[in-house]
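Chain by chain, the residues run as shown.
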Amino acid sequence: NYPNPAADQTTIRFALRESGTVSLKFYNTAGDLVLESSVDAVAGTANEHLVDTSRLAAGVYFCQLETDSGDRKHCSIAILK
């Protein structure tokens, strides 16, 4: 993801083996789900999803991308205000 650290938005970049819907979830360090979105993605390309982080407090967050088939990828991001 970039930029990292971020302030008001960050872009999550990912690639898939199969086209489909990807769910994106952000968790705080306490494990609470604080942001959720989904995006339709295409296999074999660099997919990008712009995420509005302006409502998140400053801190570290963990993100999880999950495909329709159950594949998961994780990342972390620091939010600065």
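In this text the structure is predicted, and so the values were computed from the model without any measurement. (Residues numbered from 1 in each chain as written. Predicted model: local features only at pLDDT ≥ 70, side-chain atom pairs only at ≥ 80, totals over all residues. Heavy atoms only, no water.)

Counting through the fold element by element, His-49 comes out in strand S4 (residues 47-52). Exposure remark for His-49: the relative accessible area of 15% places this residue in the buried category. Side chain to side chain, His-49 and Ser-37 meet in a polar contact 3.1 Å long. Dropping the residues within four chain positions of it, His-49 is found in contact with Thr-10, Thr-11, Ile-12, Phe-14, Leu-24, Ser-37, Ser-38 and Val-39. (Helix = DSSP H or I, 4+ residues; strand = E, 2+ residues; numbered from the N terminus. Buried < 20%, exposed > 50% of the residue type's maximum accessible area, 1.4 Å probe, protein only. Polar contact = N/O pair within 3.5 Å; in protein donor to acceptor, adjacent residues only side chain to side chain. Contact = heavy atoms within 4.5 Å.)

A word on the pairing of S4. When a strand is regular, its side chains alternate between the sheet's two faces. Along S4, the buried face is formed by Asn-47, His-49 and Val-51; none of Glu-48, Leu-50 and Asp-52, which line the opposite face, is buried. Relative to S4, strand S1 (residues 9-14) is paired through six bridges, and the arrangement is antiparallel. By the bridge assignment, Arg-13 is partnered in S4 with Glu-48. (Pairing = 2+ DSSP bridges.)

Below, the discussion takes up the environment of Asp-68. When you line up the elements, Asp-68 lands in the loop between strand S5 (59-67) and strand S6 (72-79). Since its relative accessible area comes to 60%, Asp-68 is described here as exposed. Residues in contact with Asp-68, not counting those within four places in the same chain, are Gly-20 and Thr-21. Looking at Asp-68, its side chain comes within polar contact range of the main-chain nitrogen of Thr-21, at 3.0 Å.

Moving on to the state of the cysteines. Within the structure shown, the criterion is met by one disulfide. Paired through a disulfide, Cys-63 and Cys-75 show a sulfur-sulfur distance of 1.7 Å. Judged by the sign of its S-S torsion, about -100°, the cystine formed by Cys-63 and Cys-75 is left-handed. With a gap of 12 residues between them, Cys-63 in strand S5 and Cys-75 in strand S6 connect regions that are remote in the sequence. Given a relative accessible area of 1%, Cys-63 falls into the buried group. (Disulfide = S-S within 2.5 Å.)

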